[in-house]
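Understanding the architecture of this molecule
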Amino acid sequence: MNVLVVLPILIPLVSAVATLLLRSSVRAQNVIGMTGSALLLAASIWLLTAVHDGGILVQQLGGWKAPFGISFVADTFSALMVLLTGVTGLAIAIYSAAAVDEPRRRFGYFPLLHILLMGVNGAFLTGDMFNLYVWFEVMLIASFVLLVLGGERVQFAGAVKYVTVNLLASMLFLIGAGVLYGKTGTLNFADLAFKLSQTANPELVNTSAMLFLVAFGIKAAIFPFFFWLPDSYPVPPAAITALFAGLLTKVGVYALLRTFSIIFVHDTGFTQPLFLVLAGVTMVVGVLGAVAQSEMKRLLSFHIVSQIGYALMGLGIFTQLALSGAIYFTLHVAIAKAALFLVVGYVARKRGHTALKQLGGLLRESPVLAVLFLLAALSLAGLPPFSGFFAKFTLVRAGLESADYVIVAVALAVSMLTLFSMTKIWGEAFWKETPGGVPSADILPPAPTVENPLVTVYPTLTKASMALYFIPMFLLVAVTVIMGLAAEPILQMTGQAADQLLNPTLYIESVLGVQP
Amino acid sequence: MESLLPILLILIAAAFAPLLQRVPGRVAGWGLALLPGAFFIHFLTLLPAVQNGGERLFTLPWIPTLGISLSFRFEGLSLLFALLVLGVGALVLVYAGGYLAGHARRGRFFSFMLLFMASMLGVVLADNLLLLFVFWEMTSIASYLLIGFYTDKEKSRRSALQALLVTGFGGLALLAGIILTGVAGGSYDIAALLSSEEALRTHGLYLPALLLILLGAFTKSAQVPFHFWLPGAMAAPAPVSAYLHSATMVKAGVYLLARLNPVFGGTEEWHYLLTLAGGATMVIGAFLAAPQTDLKRLLAYSTVSALGMLVMLIGLSTDLAAKAAMVFLVVHSLYKGALFMVAGVIDHQAGSRDVRELHGLARVMPFTAAAAFLAALSMTGFPPLLGFIGKELMYEAKMQAPSASVFLLVAGVLANAVNIAVALIVGMRPFVGRKPVRPGRAHEGPVSLWLGPLLLGLGGLVFGLFPSLIGRTLIEPAVQSVRAEHVDVALKLWHGINPVLMLSLLTIVVGVLMFLLRLRARRVAAELRVPELLLPGGLYRRVVDALPGAAGRMVRHVQSGYLRAYLFTILVVFILLAGYTFLKLPGWPIDTGFGDVSFYSVGLVVLMIAATIMVLVARTRLVAIAALGVIGFGIAAIYVIYSAPDLAITQILVETLTVLIFLFVIRHLPRFGVRSSVPTQLRDAVVAVFSGIVVTLYSLKASGVQLDTAISTFFAENSLPAAFGRNVVNVILVDFRAMDTLGEVTVLAVAAIGVYAMMKLRRGNGRVS
């Protein structure tokens, strides 16, 4: 029994149930919400060390041996992604205690948060195609409710696009899983990989691979499936957007990396160039979208799309270094992007809006916030010595070493535009003064009316809630800085993860217990 | 350790510098200057260690996976640059303390300056190219923050961004160039590349790597056509211009070229690219400088010109040219740093930087005037200043250039003559003549303001009189690094009467003439309006200004906001991808065994197809929902035919509930109607039909392909003996695959929370307690 492998879904499940039972007490929810996330982080660190030291950990649920039951598998890739959930989850849980308004917290915010974390971890750990589908559903419903929670009109408009496009993804995923099962008679990743390696005609599953590509592509928000993201992410409060930005699209990326490295590897002559094209266009379209925006949340949402292209680039190059870079990049961008959204959330709280033209003076007013933003932004733009640089460097080097010059040129040019749009936020919100005179330090949002009851009167920020705002920002920014300065141990692990993806024998052996 | 320690200590100082806000500016300046000052002296004592090619390597592993190590090399060229960085740095810090004495954000300013100093030190001491790149980009960031230091000024912000984007662009090219170098040369360590330089030069990637690295060096060192960011950077406070934009950072590109000369140099590409770019920059920079009236812009353009000279000299690839380059490097840093500080003092004390308004300041600012005179004399190349020696060497190098020496000489005389005019305009003109316009206002600044320029100016004089002070000790090891062989450097002030001296005299005469004709030059330039778009700076502005708008148009096209368009695109791409992979598969193993289809099944399918058409043509919602219900119940019936009663029951329940709920909410929905045009409907129909075809083909294929036995037999066999349940479906749900069920239960629970919250928590419904 490797209970460790299921702890990352058990802990959030328990936290969700506990916060749901105690929903009348906002204070108790805060405490449990944070404690649960802290425990999750601890468990994920424990899991990663165990996997790092002892190799792939497998838990056959219900004691049914693979491929008949559902296998939970923690290899280095999975364990790293679970750790990402742990870090992001803790930061968001702390931040939410201050930043999410009381009505939302009374109506299930924390249970939903933890169920989302559970779904994400389930997706990272499962070794079964249909079970992955189930976790996608859990994430989808939890994120949908988080999107509409609060009942503002604009929330529904965004949420409908979100849920419709994602349901289309679910449908394609389900068809894909059905067709795949019809062909191979199994759903277990390891068993699929094993059977395909044994058969003479593995290309028969290539058609199904396209179903998964589109389904996961929608989840990961790559071109041309990303449209739902910039329309829905800017809508909810920043804490929720930060959570989504950090984790949801990364699950799509994870699924692409996982399935197209151990299962669908029999048509790389077609899929690799395809991934490279999709990666390049995703980067360009996303970053141009960002350049055009003048509202912070929308700008950053387009960047999520753009950055996914880099992870995909690694999958398209498909060497050990490239996959290692793609995984490192995914970890980096989740942290950096979540940090930026948390900063935006504080700006929104302070000024009541996030429109760049009307913002200003934040450097003078809140130098600490400015430093946090600048570090995260420079990291996102890929400047050294932060995590973004080493992530992009790894990918660019992998690309140049395999002579994929076009994608490298695109990646570098997009880096430039990323820097450009980050300096736009910096120049408009932090450097320049507020147009039309200096506002008071804390503009309170308008008082709630019958027309617009959602606007809650925020009390002036107390010392305690300031701490709740800033601790998570410090945490995430520190992670991105440390990931850069101490890139070596992380690259060791992402390299190990890439090795495991490129040589699935170990994975298959660990799950099936046979010598393939 | 002597490399890493200063960098670390200065970085730590940078981190704590904002706290110095409480300390008076001048005290802070003097105090902080002690740090680079001490290291400057320490580095001086290390001079003997680098004689005759002596070097010290220091390596710590950092990120071995990527080939990035903390390896530093301490030798001639590095030490020369490090001394400039630290020496000028210390003086500039003192100067900045006076310049920003009362400024509200001087703590932050010092922090950025120290950040820059540490990064620049890293650039010149790093041996690993990737480490060098890390520091290189850090100097760009520091420069961005410093140029934009006056954050409330739009011009500062724009200039800062411009500098960042131009050098950032070059930085990315440099990165790619370094990686290609690593691919071709097998290492990122310069020390290692030095021994494999022959393999590198003959490698197919040599030219791409070279071009990319040159892009990096040229943007950083403001070579034409990337020069325009440097005059823009004059929006920065004077200490920044003196330090980053004349003495140190802009020379990083020159440093890189000099450093890589033994690795990349010696080829025709290297020679022509560098002399051409450098020569063009030298001339164009000079002529752009001529009509300027702002002190700092005059200096900025003449800096561009000087950087061109340095690049050209390195490109000449001779011993003499390398010698000239190293001497001129020192000369230029001394006089240009001094003049920028002088310009700052004038601005600070007299309130203007316009040369047409400034005169007679020597009477009220004697020390500043002395500093300016000395620096200007060195800039004109007048004996006995070091500038004279530099210019002589330069002419000599050009005369002995392997090719095009006449052309180079003419260009050199012209450029130098303009620079003499600039020296006179900046260093002499403001101090002589009538008494200042506002005598009560202009007065000498405190020691901190004139000490730096005066010392730098004196440096030009002392080293000119006693060139042996730096010749063998400082210049010779640096030249050896550039040439990768020992070159004897014996600097002399007087070479006798020879053609070079004649050229120097000619230059001075032409330069003085140009000075006298400066008013005419300004008039001519004012009439000669080159269309902005043709200039690189104008082009840059045009692109940057147009970018958001153009991107916005593109995005509005892609991101239309219409859900229908999104679904359409996704389905079309799906059809293309899936259809393509399907078609390219040889021999479609499609199951065509329709023989055993029962009569009931056929009837049901016909019924369901009819119902589907009904849904599409229905004029009211009620009819459409009823028809949908028919489809659902049809599916249930098919489950019954294929003996899956559990599924059938579930399906019937779901269908019944769905239809009922629809009927409940139907009255809340807006009016039903067909809103799309006929072509749109047709288009959608095509997509829908093709999606259906693709999925159908997939299903048929899936049942045709059987790679292995299904796991379902295991379930049937083990359900009762191992899981103690007679109903296999139930056992699968609650035992074999119980985790799926847990997930689905969670989905339902969340949906319940969502419905509850949506009903309770919404507009006007007790939202605020």
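Residues numbered from 1 in each chain as written. Chains lettered and ligands numbered in written order. Predicted model: local features only at pLDDT ≥ 70, side-chain atom pairs only at ≥ 80, totals over all residues.

Notes on the overall build of chain B
Broken down by element type, chain B carries 31 helices and two strands. In terms of overall size, chain B is more extended than a compact globule, its C-alpha atoms giving a radius of gyration of 38 Å where 769 residues would be expected to give roughly 27 Å. Dimensions of chain B along its principal axes, counting C-alpha atoms only, are 115 × 60 × 50 Å. Out of the 769 residues in chain B, the part that is buried amounts to 48%. When contacts within chain B are restricted to residue pairs at least 6 apart in sequence, long-range pairs at least 24 apart make up 78% of them. (Helix = DSSP H or I, 4+ residues; strand = E, 2+ residues; numbered from the N terminus. Rg over C-alpha atoms; globule rule 2.2 N^0.38 Å. Buried ≥ 20, exposed ≤ 12 C-beta atoms within 10 Å, placed from the backbone. Contact = placed C-beta atoms within 7 Å.)

Comments concerning the overall build of chain A
A tally of regular secondary structure across chain A gives 21 helices and two strands. Relative to the 2.2 N^0.38 estimate, which gives 24 Å for 516 residues, the radius of gyration of chain A is 22 Å and therefore close to what a compact globule would have. Dimensions of chain A along its principal axes, counting C-alpha atoms only, are 75 × 55 × 40 Å. Residues classed as buried in chain A amount to 69% of the 516 residues present. Counting only contacts in chain A whose residues sit at least 6 apart along the sequence, the fraction spanning at least 24 positions is 80%.

Describing helix H21 (residues 505-512) of chain A
All names here are of chain A. Residues of H21 that are buried: Tyr507, Ile508, Ser510 and Val511. The buried residues of H21 occupy an angular sector of 165° when the element is viewed end-on, so they sit on one face. Among the structural elements, strand E1 (57-60), strand E2 (71-74), helix H8 (189-198), helix H11 (238-262) and helix H20 (487-502) are those in contact with the buried residues of H21. One or two steps after H21, the chain reaches glycine 513, where phi turns positive at roughly 70°. (Arc of directions from axis to C-beta.)

Focus on the confidence of the model for chain B
All names here are of chain B. Residue-level pLDDT values for chain B average 90, and 96% of them are 70 or greater. Here residues 764-769 is a poorly scored stretch, pLDDT under 50, and it has 10 contacts once near neighbours within four places are set aside; other chains count. Interface confidence for the predicted complex, given as ipTM, is 0.94, next to a pTM of 0.94. (pLDDT = per-residue confidence, 0-100.)

Topic: the interface of chain B and chain A
It is common to give the size of an interface as the accessible area lost on bringing the parts into contact. Listed per partner, the contact involves 81 residues of chain B and 94 residues of chain A. Those elements that place two or more of their residues in the side of chain B that touches chain A are strand E1 (56-63), helix H5 (129-147), helix H6 (154-185), helix H23 (536-558), helix H24 (563-583), helix H28 (678-704), helix H30 (728-736) and helix H31 (738-760) of chain B. Here the side of chain B that touches chain A gets 14 residues from one element, more than from any other, and that element is H31(B). Residues of the side of chain B that touches chain A, tallied by class, amount to 52 nonpolar, 16 polar and 13 charged. (Nonpolar A, V, L, I, M, F, W, Y, C, P; charged D, E, K, R; others polar.)

Let's talk about unusual backbone geometry
Both trends apply: most residues other than glycine have a negative phi, and most peptide bonds are in trans. Note the cis peptide between A:Pro384 and A:Pro385, where omega equals 0°. Of the consecutive residues B:Val224 and B:Pro225, the connecting peptide bond is found in the cis state with omega at 5°. Despite not being glycine, B:Phe724 has its phi angle at roughly 55°, a positive value. Looking at B:Phe724, the number of C-beta atoms within 10 Å reads 9, which means it is exposed.

Some thoughts on helix H6 (residues 129-148) of chain A
Residues spaced three or four apart along an α-helix face the same direction, because each turn holds 3.6 residues. Residue and element names in this part refer to chain A. In this model, H6 (20 residues) spans 29 Å end to end at C-alpha, consistent with the 28 Å of a helix rising 1.5 Å per residue. Across the 20 residues that make up H6, a large majority, 20, are buried. Following H6 by one or two positions, glycine 150 adopts a phi angle in the positive range, close to 115°. (Expected span 1.5 Å × (residues − 1).)

Concerning the environment of A:Arg153
All names here are of chain A. Position of arginine 153 relative to the elements: it lies in helix H7 (residues 153-184). We classify arginine 153 as exposed; it has 9 C-beta atoms within 10 Å. The spatial distance from the C-alpha of arginine 153 to the C-alpha of threonine 85 is 30 Å, given a sequence separation of 68 residues.

A look at the environment of B:Leu761
All names here are of chain B. Within the secondary structure layout, leucine 761 lies in the segment after H31. In this structure leucine 761 comes out as buried when scored by C-beta crowding, with 21 C-beta atoms within 10 Å. C-alpha of leucine 761 to C-alpha of glycine 168: the two residues are 593 residues apart in sequence and 49 Å apart in space.

Side note on the packing of H11(A) against helix H13 (residues 296-317) of chain A
All names here are of chain A. With their axes 11 Å apart at the nearest point, H11 and H13 run at an angle of 20° to one another. Relative to H13, the element H11 lies roughly parallel. By crossing handedness, the relation of H11 to H13 is classed as right-handed. On H13, the residues touching Thr241, Ala245, Thr249, Val253, Leu256, Leu257 and Phe260 of H11 are Lys297, Ile304, Ile308, Ala311 and Leu315. Broken down by class, the residue content of the contact of H11 with H13 amounts to nine nonpolar, two polar and one charged. (Axes fitted to C-alpha atoms, helices over the stretch in contact; angles between N-to-C directions. Parallel < 35°, antiparallel > 145°, perpendicular 65-115°, else oblique. Left-handed = near helix turned anticlockwise from the far one by under 90°.)

Let's talk about the environment of B:Leu408
Residues and elements named next belong to chain B. The residue leucine 408 is located in helix H18 (residues 405-428) in this model. Leucine 408 gets classed as buried once you count the C-beta atoms within 10 Å, which come to 23. The spacing of leucine 408 and glycine 279 is 129 residues in sequence and 7.4 Å in space, taken between C-alpha atoms. What leucine 408 contacts, discounting residues up to four positions off in sequence, is Gly279, Lys398 and Ala401.

Brief notes about the confidence of the model for chain A
For chain A, mean pLDDT is 91; residues scoring 70 or higher make up 95% of the total. Note on residues 440-457 of chain A: pLDDT under 50 across the span, and 28 contacts to partners over four residues away in sequence or across chains.

Regarding the packing of H7(A) against helix H9 (residues 206-220) of chain A
All names here are of chain A. As a packed pair, H7 and H9 sit with axes 8 Å apart at the nearest point and diverge in direction by 155°. On the basis of the axis angle, H7 is roughly antiparallel to H9. In the packing of H7 onto H9, the handedness of the crossing is left-handed. On H9, the residues touching Val165, Asn166, Leu168, Ala169, Leu172, Phe173, Ile175, Gly176, Val179, Leu180 and Lys183 of H7 are Ser208, Leu211, Phe212, Val214, Ala215, Ile218 and Lys219. Of the residues contributing to the contact of H7 with H9, the split by class is 13 nonpolar, three polar and two charged.

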